[in-house]
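This is what each chain is made of:
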Amino acid sequence: KKEMAQERRDSFAFRNVEGRRIRDVEGQMKEEDQHDAHESYELKWAGERDADQYKRDMAQERRDSLSFRNAEGNRIRDLEGQMKADDQHNQHESYELKWAGERDANDYKKE
């Protein structure tokens, strides 16, 4: 009977130690799963932040492009306006010279 009681105590002690070891392994596995899940969320959030930053960068690039095209369009319109004004001035001077020449020719004929 003493032998059976000792075997029983040994069995309880073994099962206690084995149960503790299994709980420790399960706890460690659970911690690793939680760590992996957390890391997965961190990567997901980082990807979302990168996508948001990319969208902001593209929007800024689009605004910069529109601003540049607007400024370039203004510059070209100003340049074309200046060229037109110069052409009109030159054409006016040409007519002035032509009319002066015609007046000189008429004055010469009258003499």
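We now turn to the structure provided with this report. Note that this is a predicted model, so its numbers are computed, not measured.

### Concerning the overall build of the protein
Reasoning step 1: Along the protein, the regular secondary structure elements total one helix and zero strands.
Reasoning step 2: A globule of 111 residues ought to have a C-alpha radius of gyration of about 13 Å, yet the protein, at 47 Å, is considerably larger.
Reasoning step 3: Within the span of the protein, comprising 111 residues, buried residues form 2% of the whole.
Reasoning step 4: On the protein, roughly 10700 Å² of surface is accessible, and the fraction owed to carbon and sulfur atoms is 52%.
Reasoning step 5: Charge separation in the protein, taken as the distance between the mean sites of 23 positive and 29 negative side-chain charges, equals 10 Å.

### Let's talk about a negative patch on the surface
Reasoning step 1: A surface patch of like charges, here negative, comprises Glu31, Glu32, Asp33, Asp36, Glu39 and Glu42.
Reasoning step 2: Note on placement: Asp36 falls in helix H1 (residues 2–110).
Reasoning step 3: Residue Asp36 is classed as partly exposed on the basis of its relative accessible area of 48%.

### Quick notes on the pattern of salt bridges
Reasoning step 1: One pass over the full model with this rule turns up three salt bridges.
Reasoning step 2: A salt bridge links Glu18 to Arg21; the shortest N-O distance between them is 2.6 Å. Linking Glu18 with Arg21, this pair stays in helix H1, spanning three residues, or about one helical turn.
Reasoning step 3: You can call Arg21 partly exposed: its relative accessible area is 45%.

### A closer look at the packing of aromatic side chains
Reasoning step 1: For the coordinates displayed, the defined rule picks out two aromatic pairs.
Reasoning step 2: Arranged with centres 5.6 Å apart and planes meeting at 20 degrees, the rings of Tyr41 and Trp45 form a pair that is stacked. Note that Tyr41 and Trp45 are positioned in helix H1 at a spacing of four residues, about one turn of the helix.

Definitions and cut-offs
Residues numbered from 1 in each chain as written. Predicted model: local features only at pLDDT ≥ 70, side-chain atom pairs only at ≥ 80, totals over all residues. Heavy atoms only, no water. Helix = DSSP H or I, 4+ residues; strand = E, 2+ residues; numbered from the N terminus. Rg over C-alpha atoms; globule rule 2.2 N^0.38 Å. Buried < 20%, exposed > 50% of the residue type's maximum accessible area, 1.4 Å probe, protein only. Areas by Shrake-Rupley, 256 points an atom, 1.4 Å probe, with all protein chains shown as cover. Lys, Arg positive; Asp, Glu negative; His and termini not counted. Charge placed at Lys NZ, Arg CZ, Asp CG, Glu CD. Patch = residues over 30% accessible without salt bridge, like charges linked within 9 Å, V, L, I, M, F, W, Y side chains within 5 Å. Salt bridge = Lys/Arg side-chain N within 4 Å of Asp/Glu carboxyl O. Phe/Tyr/Trp six-rings, centres within 6.5 Å; stacked < 30°, edge-to-face > 60°.

The values reported here are purely geometric and, on their own, carry no functional implication.
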